[in-house]
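# Summary of the model geometry
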Amino acid sequence: MQMEIFMKVFLTYFLGDWSDDKAHGNGTYIHTDGAKYEGQWKEDKQDGQGKETWPDGACYTGEYKQGKKSGHGKFLWADGSEYDGQFLENNIHGKGNISFNLRRIHMG
């Protein structure tokens, strides 16, 4: 029986303002999967204006409160559909406009 050692390094990093051992001010956080947040931080949480992008092309730009999408924002899905309006605790909530990128295929 052969034993192998497998080590996976999780590399995430933060580049930005730091206070009392916490992200506080403006900064960028990049996750191992390629997701990225650029914007304002308060007490180690996303707070204020920011932009979050994901490897599939989805993107959110808008307000954050205590680490969650809250307030006005714009979410663009990878398929081109988008929502512009209110969010509450990471969910679409309140008034806003949504448009769908409907891809139709006609075969014939």
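Above this text sits the structure in question.
As the structure is a prediction and not an experimental result, all values here were calculated from the model. (Residues numbered from 1 in each chain as written. Predicted model: local features only at pLDDT ≥ 70, side-chain atom pairs only at ≥ 80, totals over all residues. Heavy atoms only, no water.)

## Comments concerning the nonpolar core
- Counting 9 residues, the largest nonpolar core is built from Ala23, Tyr37, Trp41, Ala58, Tyr60, Tyr64, Phe75, Tyr83 and Phe87.
- Mapped by element, the contributors of at least two residues to this core are strand 3 (36-42), strand 5 (59-65) and strand 7 (82-88).
- Once you skip the residues sitting within four places of it in the chain, Phe75 turns out to touch Trp54, Ala58, Cys59, Tyr60, Ser81, Glu82, Tyr83 and Phe87. (Core = buried A, V, L, I, M, F, W, Y, C linked by side-chain atoms within 4.5 Å. Buried < 20%, exposed > 50% of the residue type's maximum accessible area, 1.4 Å probe, protein only. Helix = DSSP H or I, 4+ residues; strand = E, 2+ residues; numbered from the N terminus. Contact = heavy atoms within 4.5 Å.)

## Here we look at the pattern of salt bridges
- A full pass over the atoms with the stated rule returns 4 salt bridges.
- Taking the shortest distance from any N to any O, the salt bridge between Glu52 and Lys69 comes out at 3.6 Å. Residue Glu52 is located in strand 4 (residues 45-53), and its partner Lys69 is located in strand 6 (residues 68-76); the two are separated by 17 residues in the primary sequence. (Salt bridge = Lys/Arg side-chain N within 4 Å of Asp/Glu carboxyl O.)

## Things to note about a nonpolar patch on the surface
- On the surface, a nonpolar cluster with roughly 520 Å² of combined accessible area is contributed by Trp77, Ile92, Ile98, Phe100 and Leu102.
- On the secondary structure map, Ile92 appears in strand 8 (residues 91-99).
- By relative accessible area, which is 42% here, Ile92 ends up partly exposed. (Patch = residues over 30% accessible without salt bridge, like charges linked within 9 Å, V, L, I, M, F, W, Y side chains within 5 Å. Areas by Shrake-Rupley, 256 points an atom, 1.4 Å probe, with all protein chains shown as cover.)

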